[in-house]
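This is what each chain is made of:
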Amino acid sequence: MNYLEAEVELAALRAMPLDSAYRGVPFDRLVKRLKEERSLAGGASETRANTTMAAVAVIERAPDEALRETVESVALQSLGSTRCVLVAADAEQADATRRWLANLKFAPSDVEVWVGLDAAQRASLAGQRMVTFLRHGDRLHPSAAAAVAKCRSGASVISWGELQPSADGSQLLWAQRNPTLDVHALQHWPYLRNAFAVESKWVAQYPGEYARELVRNHLHLFQLWLLQKKNVSRESIQEPLLIRANTRSGEDLANVARSAFEDYADAYVEIFRQSKAYELKLLPKESPAPYCLVPKLAPAVV
């Protein structure tokens, strides 16, 4: 990395408030951590064939400052080259994004733009052990890929803490500090904003529509689907490794769970139809929760 590239990287790192502004970590300590992790990873020698993680981000509007921050956060990863995939809604948006990428001063060395996220495309992520999904404006901590690499190799899902800033970024609205999976909460509430990476083989097998579900309900259906699979082990990282984009500013918070559910009501009904523990009961429209789960009674023993 030459002097100019290093200065651009430092500027991007300084603009990342996750540690320095929101958690009070001195900037020089953040730089030191980045350098130490990079040296342990062997610098930038990692190639796509052995990259630990891919970050897949859905483009929700024209490329802008928020998307630039998302892309830069992937470029900043201390663990060599993290694969970056930007998912466009159509060919026109994809072409505009590629032109926009060409003018960025700081971008991942391995970045590509896809139209949609079909099964064949998802299968091509198999070269990376883990995949994380980002919304337009989400920012990964520079140590996210390194933290994932340190987790035990058998973990199928790795979750981590996240921070949610206000619309102007001046303060934190909330922080998720304990991201350990709560199966009860996951089953009973259809709009959890979980930050996680998942083994690429599960990404390839999922029959749902990733890009739209990410925007509508943060892959809640995908997580319910994973609960039905055997040999899915989980691990959590207690450190906040994501700044969540302020995507809720234009949403009606009172109805956000219901609207997320209604898009996929049939899919929810089918998932719980197969459940041995619960059956799904729809609730009246005036209820903030769209459904409740009622325990299934065990067959009577005669």
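What counts and what doesn't
Residue numbers here run from 1 along each chain, matching the order of that chain's written sequence. In keeping with the predicted nature of the model, local features appear solely for residues at pLDDT of at least 70, side-chain atom pairs appear and are counted solely at 80 or more, and the whole-chain, interface and lining totals rest on all residues. Just so you know, side-chain values use all the structure's heavy atoms and leave hydrogens and water out. Numbering of helices and strands runs from the N terminus; a helix is a DSSP stretch of H or I covering at least four residues, while a strand is a stretch of E covering at least two. Throughout this description, buried means an accessible area under 20% of the type-specific maximum (1.4 Å probe, protein chains only), exposed means over 50%, and partly exposed covers the range between. By definition in these notes, contact holds between two residues if any of their heavy atoms fall within 4.5 Å. The method behind every accessible area is Shrake-Rupley, applied with a 1.4 Å probe, and residues are considered shielded solely by the protein chains displayed. An axis is simply a line fitted to the C-alpha atoms; with a helix, the fit covers only the stretch in contact. Between two such axes, the angle follows the N-to-C directions and lies from 0 to 180 degrees. Each angle is binned into one of four classes, with values under 35 degrees roughly parallel, values over 145 roughly antiparallel, values of 65 to 115 roughly perpendicular, and all other values oblique. It is the rotation of the near helix from the far one that decides the hand of a crossing: anticlockwise by less than a right angle makes it left-handed, clockwise makes it right-handed. Residues were grouped as follows: Ala, Val, Leu, Ile, Met, Phe, Trp, Tyr, Cys and Pro as nonpolar; Asp, Glu, Lys and Arg as charged; and all remaining residues, including Gly, as polar. A carboxyl oxygen of Asp or Glu within 4 Å of a side-chain nitrogen of Lys or Arg is what we treat as a salt bridge. Being paired, for any two strands, means DSSP has found at least two bridges between them. When the strands point away from the viewer, a crossover counts as right-handed if the path from the first strand over the helix to the second runs clockwise. Working definition: a ring pair exists when centres of Phe, Tyr or Trp rings (six-membered ring for Trp) sit within 6.5 Å. Plane angles under 30 degrees give stacked, over 60 give edge-to-face, the rest tilted. We define the nonpolar core as a collection of buried residues of types Ala, Val, Leu, Ile, Met, Phe, Trp, Tyr and Cys that are connected through side-chain atoms lying within 4.5 Å of one another. How sure the predictor is of each residue is captured by pLDDT, a score from 0 to 100.

S.K.: For the overall build of the protein, give the residues involved together with the corresponding values.
M.R.: Counting secondary structure elements, the protein contains 13 helices and 11 strands. Within the protein, buried positions represent 50% of all 302 residues. Residue pairs at least 24 apart in sequence account for 78% of intrachain contacts in the protein once pairs closer than 6 positions are excluded. As displayed, the protein has an accessible area near 14,500 Å², and 54% of this comes from carbon and sulfur atoms.

S.K.: Can you lay out the packing of helix 11 (residues 220-227) against helix 13 (residues 265-273) for me, pointing to particular residues and giving the numbers?
M.R.: It is at 11 Å that the axes of helix 11 and helix 13 come closest, and there the two elements cross at 15°. Between helix 11 and helix 13, the angle falls in the class roughly parallel. Crossing of helix 11 over helix 13 shows left-handed handedness. Counted together, His 220, Leu 221 and Leu 224 of helix 11 and Ala 267, Tyr 268, Ile 271 and Phe 272 of helix 13 form the full contact between these two elements. Across the contact of helix 11 with helix 13, the residue classes break down as 6 nonpolar, 1 polar and no charged.

S.K.: Describe the pattern of salt bridges, and please don't skip the residues or the numbers.
M.R.: Evaluated as defined, the whole model comprises 15 salt bridges. Among the ionic pairs, Asp 138 bridges to Arg 244, the shortest N-O distance being 3.0 Å. In this pair, Asp 138 sits in the loop between strand 4 (130-134) and strand 5 (139-140) while Arg 244 sits in the loop between strand 9 (234-243) and helix 12 (256-262), placing the two residues 106 residues apart along the sequence. Here Asp 138 matches Arg 244 in class, with each residue buried.

S.K.: Describe in detail the pairing of strand 2 (residues 83-88), supporting the description with residues and values.
M.R.: Within strand 2, 6 of the 6 residues are buried, leaving the element largely enclosed by the surrounding structure. Burial along strand 2 is two-sided: Arg 83, Val 85 and Val 87 facing one way and Cys 84, Leu 86 and Ala 88 facing the other are all buried. Across 5 bridges, strand 1 (residues 53-58) lies against strand 2 in parallel orientation. Bridge pairing in strand 2 places Val 58 opposite Val 87. The β-α-β motif built from strand 1, the intervening helix 4 (residues 65-75) and the parallel element strand 2 has right-handed crossover chirality. Sheet analysis places strand 2 next to strand 3 (residues 111-115), joined by 5 bridges and oriented parallel. Residue pairing for strand 3: Val 85 is matched across the bridge by Glu 112. A crossover links strand 2 with its parallel partner strand 3, the connecting element being helix 5 (residues 91-102), and its sense is right-handed.

S.K.: Got a sec to walk through the packing of aromatic side chains? Specific residues and values, please.
M.R.: In total, this model carries 12 aromatic pairs according to the counting rule given. With centroids separated by 5.1 Å and ring planes inclined at 65°, the aromatic side chains of Tyr 206 and Trp 225 adopt a geometry described as edge-to-face. With a gap of 19 residues between them, Tyr 206 in the loop between helix 9 (200-205) and helix 10 (210-217) and Trp 225 in helix 11 connect regions that are remote in the sequence. Each member of the pair Tyr 206 and Trp 225 is classed as buried. Aromatic ring contacts, followed pair by pair, group Phe 133, Phe 196, Trp 202, Tyr 206, Tyr 210, Phe 222 and Trp 225 into a single cluster.

S.K.: Give a description of the pairing of strand 4 that names residues and reports values.
M.R.: For strand 4, a buried count of 5 out of 5 residues is recorded, marking the element as mostly surrounded by other parts of the structure. Here strand 1 pairs with strand 4 via 5 bridges, running parallel. Following the sheet pairing, Ala 57 is matched in strand 4 by Leu 134. Pairing of strand 4 with strand 8 (residues 195-199) involves 3 bridges; the strand directions are antiparallel. Within strand 8, the position partnered with Met 130 by the bridge is Glu 199.

S.K.: Mind laying out the packing of helix 10 against helix 11, listing which residues take part and the relevant values?
M.R.: Where helix 10 contacts helix 11, the axes come no closer than 8 Å and their chain directions differ by 110°. Judged by the angle between their axes, helix 10 and helix 11 are roughly perpendicular. The segment helix 10 lies against helix 11, with Tyr 210, Glu 213 and Asn 217 engaging His 220, Leu 221 and Phe 222. Residues of the contact of helix 10 with helix 11, tallied by class, amount to 3 nonpolar, 2 polar and 1 charged.

S.K.: Explain the nonpolar core to me, and be specific about the residues and the numbers.
M.R.: In terms of nonpolar packing, the biggest core is built from 35 residues, with Phe 133, Phe 222 and Tyr 268 touching the most fellow members. The element best represented in this core is helix 11, accounting for 5 residues. Beyond its immediate chain neighbours, meaning those up to four positions away, Phe 222 contacts Phe 196, Val 198, Trp 202, Tyr 206, Tyr 210 and Glu 213. Among the nonpolar cores identified, the runner-up in size contains 33 residues, and Ile 59, Trp 100, Met 130 and Ala 146 belong to it.

S.K.: Residues and numbers for the confidence of the model for the protein, please.
M.R.: Chain-level statistics for the protein give a pLDDT mean of 83 and a share of 86% at 70 or above. Averaged pLDDT values for the elements of the protein fall to 71 in strand 7 (residues 172-176) and rise to 97 in helix 5.

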